[in-house]
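# Structural overview
Listed here are the chains, written in short residue letters.
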Amino acid sequence: MTAIPTSDRPFSPLLRALREEGLARLAPKVPRVSLGMASCGLAAGARETWDALRAALAGRDTVACLVPTGCLGWCQKEPLVEVRLPGSPALVFGRVTAEAADQVAAWLAGGELPRAHLLGQYPAADRSDGQTQPTTPDPRFPAGEIPLIWDLPFYRGQLRWVTRNCGFVNPADLAEYVARGGYLALEKALARGPEWVVEQVTRAGLRGRGGAGFPTGAKWQAARRAPGEQKYVIANADEGDPGAYMDRGLLEGDPFSVIEGMTIGALAVGHCHEGFVYVRAEYPLAVERLETAIAEARKAGLLGENVLGSGFAFEVHVVRGAGAFVCGEETALLASIEGRPGEPRPRPPFPSEKGLWGRPTVINNVETWANVPLILMSGAQLYASVGSEGSKGTKVFSLVGDVSNTGLVEVPMGATLRHMVEVNGGGLSRGTRIKAVQTGGPSGGFLPASLLDLPVDYESLTGAGTIMGSGGLVVMGERTCMVDVARYFLSFTRAESCGKCVPCREGTHRMLQILERICAGGGRPDDVGLLEEWAWAVKDGSLCGLGQTAPNPVLSLLRYFGDELEQHVRDRFCPAGVCRELFRFGIVPETCTGCGACLRACPRGAIGGEPRQPHIIDQARCTLCGVCRDACPFEAIVVEPRSPADEGVNRNE
């Protein structure tokens with residue numbers, strides 16, 4: 001569901017004109033064909049689909065508007081194509097490759113509907129603000145029942161407020177953004193004043209979406225009250241968590257919402273006429289679309305010396321970060337913008353009192369800024385009615401890992417992990433059971449499957465030993481070794497530690513050494529205790545939030561998967577079959593039917609046996625690649641402890 005609950009219309013002649021222009025583009029008199037061309041779509045071949053669509057439409061003399069959009073969220077189905085016929089609800093097609101693009105064009109020219117790619121339809125009102133209701137349905141609109149897109153499992157239970165424009169509008173088109181309610185919030189803010197804005201944000205209960213969850217209204221109020229004739233606002237787009245791309249999706253799909261949010265924030269803080277978006281350079285498409293949006297807003301008078309004719313001046317600058325993970329920490333980010341090494345500093349003073357170049361500064365992440373126009377448009381009361389007791393509104397998660405459907409999922413705060421994993425994610429993509437879910441990126445922790453009914457909000461996750469983080473959600477099946485995953489994330493935080501404080505610099509190094517030793521089969525009896533000691537030393541003694549949360553993978557490993565860790569150390573056994581020195585594959589004779597599937601799949605010829613007789617693995621030739629386990633239809637290939645006879649066998653040959 002994406003409709004924003006507001007009946008307001010702009011008063012400004014500029015916005016009214018833009019709105020009419022945008023409505024005409026969103027609902028033209030010819031078919032509007034939108035193609036998701038965010039990074040995920042392009043990676044799936046959207047560029048080729050675009051070229052094929054354009055050629056196929058031209059080849060059939062079909063008049064249509066071909067429009068690039070951002071990500072509709074369901075990355076698994078990219079390239080996604082949406083077709084709106086005049087007077088009819090929009091239809092969504094998935095996995096429209098260059099070959100399938102011709103089928104879409106053929107249907108528009110009067111041919112058959114490519115039902116194999118049809119996912120569903122939108123309610124008509126979702127297309128804009130309700131002003132473009134269907135009139136006379138287009139005869140090409142298919143007969144028969146077509147499911148609503150929001151009833152499909154991936155979208156079921158989602159409340160796509162922050163991502164409401166992603167996949168709908170051309171991210172470079174200011175008029176389309178205004179047609180969807182864009183800049184109504186800024187117009188309200190200019191009319192009612194800064195105090196009203198801060199009050200609305202505070203009453204809404206908005207908390208920072210970057211990880212710490214600090215109340216946004218309190219942060220703005222602190223900066224507003226701080227003395228100073230020059231203040232700043234900053235959008236932290238230094239999204240560095242592996243597997244997380246919520247901010248990238250917003251910047252690529254709806255950059256105007258971030259710019260509008262920052263403009264409102266600058267007005268609220270007072271004495272603020274400059275803002276910065278700190279975005280990592282490896283997001284070139286996000287940077288490009290952001291810069292285009294800034295230029296369009298400036299050209300229209302929505303940035304610059306006289307915003308909307310109000311006399312309020314505000315500019316936004318883009319600063320490209322070099323990709324250091326630590327620069328996601330706000331004081332390190334400030335140092336980087338100032339041209340100094342990206343290292344954190346002790347707090348207080350907090351940036352709201354002494355930030356960029358020593359001036360009061362508000363730093364929020366991209367998703368937080370994008371929430372601001374929504375709050376002012378819908379009203380604080382309505383916004384606060386969604387979510388849990390202490391966590392209001394919605395949260396965008398990047399759902400990745402061993403799930404059938406990956407993508408960006410926006411749910412009300414308080415939704416359960418189970419809903420996101422089993423309904424939105426469609427359950428496991430391989431294997432039979434969910435083993436763990438990780439939230440919060442490399443600084444987060446692992447939650448076992450027994451906690452899938454945990455509501456996802458700040459308090460619940462913290463109580464369970466992990467964090468919300470910026471919204472990464474990694475699902476792991478039973479073939480995942482939690483010790484190895486902890487080792488992986490420690491290797492990341494160790495490499496990304498700026499090295500300024502001793503606990504983080506030395507502690508992450510020591511924890512990584514221990515985990516590497518355990519995974520290599522050299523675990524010592526005191527390793528588990530040492531891991532715990534180092535983890536708490538780093539957590540309690542590190543200078544910044546990144547160091548303080550770096551041990552979370554280790555602490556959650558000890559808390560929830562201690563038995564698996566003990567098996568690695570005490571029994572020299574990796575039950576998941578990942579740590580190569582700690583297991584071997586075997587065949588259960590009672591289960592094996594002798595079908596030969598494993599024998600045929602093995603690339604080393606390490607499996608032998610007669611048809612319809614149990615097979616045997618030659619351990620000296622087995623490289624532990626696991627192809628046999630994947631090929632076996634009877635789950636007869638199992639992971640078992642190594643025997644003394646396996647010692648000295650070189651698995652890497």
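Here, the structure is the one placed above.
Conventions adopted
- Residues numbered from 1 in each chain as written.
- Predicted model: local features only at pLDDT ≥ 70, side-chain atom pairs only at ≥ 80, totals over all residues.
- Heavy atoms only, no water.
- Helix = DSSP H or I, 4+ residues; strand = E, 2+ residues; numbered from the N terminus.
- Rg over C-alpha atoms; globule rule 2.2 N^0.38 Å.
- Buried < 20%, exposed > 50% of the residue type's maximum accessible area, 1.4 Å probe, protein only.
- Contact = heavy atoms within 4.5 Å.
- Lys, Arg positive; Asp, Glu negative; His and termini not counted.
- Charge placed at Lys NZ, Arg CZ, Asp CG, Glu CD.
- Core = buried A, V, L, I, M, F, W, Y, C linked by side-chain atoms within 4.5 Å.
- Pairing = 2+ DSSP bridges.
- Axes fitted to C-alpha atoms, helices over the stretch in contact; angles between N-to-C directions.
- 1 Å grid on protein atoms, 1.4 Å probe; cavity = no way out; pocket = protein on both sides within 12 Å on 5 of 7 lines; lining within 4 Å.
- Points joined across faces, edges and corners; volume = space filled by probe spheres on them.
- Nonpolar A, V, L, I, M, F, W, Y, C, P; charged D, E, K, R; others polar.
- Phe/Tyr/Trp six-rings, centres within 6.5 Å; stacked < 30°, edge-to-face > 60°.
- Left-handed = near helix turned anticlockwise from the far one by under 90°.
- Expected span 1.5 Å × (residues − 1).
- Parallel < 35°, antiparallel > 145°, perpendicular 65-115°, else oblique.

## Things to note about the overall build of the chain
Looking only at helices and strands, one finds 24 helices and 18 strands in the chain. Taking 653 residues into account, the globule formula puts the C-alpha radius of gyration at 26 Å, and the chain, at 27 Å, falls close to it. Scored against the burial criterion, the 653 residues of the chain give a buried share of 59%. Long-range pairs, those at least 24 residues apart, make up 73% of the contacts in the chain with a sequence separation of at least 6. Taken as two groups, the 66 positive and 73 negative side-chain charges of the chain have centres that lie 1 Å from each other.

## Here we look at the nonpolar core
Ranked by size, the top nonpolar core spans 106 residues in total, and within it Y183, V197, V233, M262, F314 and W369 carry the most contacts. With nine residues, the single largest contributor to this core is helix α10 (residues 255-269). Every residue in contact with M262, bar those within four places of it in the chain, is listed here: V233, I234, A235, G275, F276, V277, F314, V316 and W369. Core analysis: the second largest hydrophobic core is formed by 40 residues, I434, L452, A464 and V475 among them.

## A closer look at the sheet that holds strand β2 (residues 65-69)
Strand pairing in a sheet is mediated by backbone hydrogen bonds. Such pairs are either parallel or antiparallel. Taken together, the five strands give an open sheet; going across it, the order is β2-β1-β3-β4-β5, and neighbouring strands pair in mixed fashion. Only two strands of the sheet have a single neighbouring strand rather than two, namely β2 and β5 (118-121). Averaged over all neighbouring strand pairs, the angle between strand axes comes to 20 degrees, with direction disregarded. By the bridge criterion, five bridges tie strand β1 (residues 32-36) to β2 in an arrangement that is parallel. Among the inter-strand pairings, L35 is bridged to a residue of β2, identified as P68.

## Some points on the layout of surface pockets
Roughly 1200 Å³ of volume is contained in the largest pocket. The set of elements that each furnish at least two residues to the lining of the largest pocket consists of α8 (216-225), β9 (361-365), α16 (458-463) and α20 (545-549). Looking at the lining of the largest pocket residue by residue, the classes come out as 13 nonpolar, 20 polar and eleven charged. Of the voids in this model, the second largest pocket is the one considered here, and its volume is about 450 Å³. Listed by contribution, the elements that provide at least two residues to the lining of the second largest pocket are α24 (627-631) and β18 (637-640). Ranked by residues supplied to the lining of the second largest pocket, first place goes to β18 with three residues. Its residues assigned to classes, the lining of the second largest pocket comprises seven nonpolar, two polar and seven charged.

## Regarding the pairing of strand β11 (residues 407-412)
Burial runs high along β11: five of the six residues are buried. As defined by bridge partners, strand β10 (residues 394-401) adjoins β11 across six bridges and the pair is classed as antiparallel. Paired with V396 across the bridge in β11 is E410.

## Here's the deal with the packing of aromatic side chains
Tallied over the full model, the rule gives 18 aromatic pairs. On the basis of an interplanar angle of 85 degrees and a centroid distance of 5.6 Å, the ring pair of Y177 and Y183 is categorised as edge-to-face. Each member of the pair, Y177 together with Y183, is buried. Of the aromatic side chains, those joined through ring pairs into one cluster are W74, Y122, W150, F154, Y155 and F168.

## Observations concerning the packing of helix α7 (residues 194-204) against α10
Two numbers describe how α7 lies on α10: the axes approach to 8 Å, and their chain directions differ by 115 degrees. Seen from above, α7 lies across α10 with left-handed handedness. Each of P194, V197 and V198 in α7 lies in contact with α10, whose residues at this interface are I264, L267 and A268.

## What to know about helix α11 (residues 284-300)
An ideal rise of 1.5 Å per residue puts 24 Å on 17 residues; α11 measures up with 24 Å between its terminal C-alpha atoms. Taken from the residues just after α11, G301 is the one with a positive phi, measuring 85 degrees.

## What to know about the sheet that holds β9
The sheet built from four strands is open, its strands ordered β8-β7-β6-β9 with parallel pairing. This sheet does not close on itself; its edge strands, each paired only once, are β8 (315-321) and β9. Averaged over all pairs of adjacent strands, the angle between strand axes in this sheet comes to 20 degrees, irrespective of strand direction. Both strand β6 (residues 231-237) and β9 contribute to a ladder of five bridges, which runs parallel. Across the sheet, A235 pairs through a bridge with N364, a residue of β9. The sheet contacts of α8 involve β6 and β9, and relative to β9 the element is tilted by about 160 degrees.

## Some thoughts on the environment of E48
Along the chain, the position of E48 falls in helix α3 (residues 46-59). Along the backbone, E48 and L543 are 495 residues apart, and their C-alpha atoms lie at a distance of 48 Å.

## Points about the packing of helix α6 (residues 184-192) against α10
Axis separation between α6 and α10 bottoms out at 9 Å; the angle between their running directions is 10 degrees. Here α6 is positioned roughly parallel relative to α10, judged by the angle of their axes. Here L184, A185, L186, A189 and L190 of α6 lie close against α10, whose contacting residues are E260, T263, I264 and L267. Its residues assigned to classes, the contact of α6 with α10 shows seven nonpolar, one polar and one charged.

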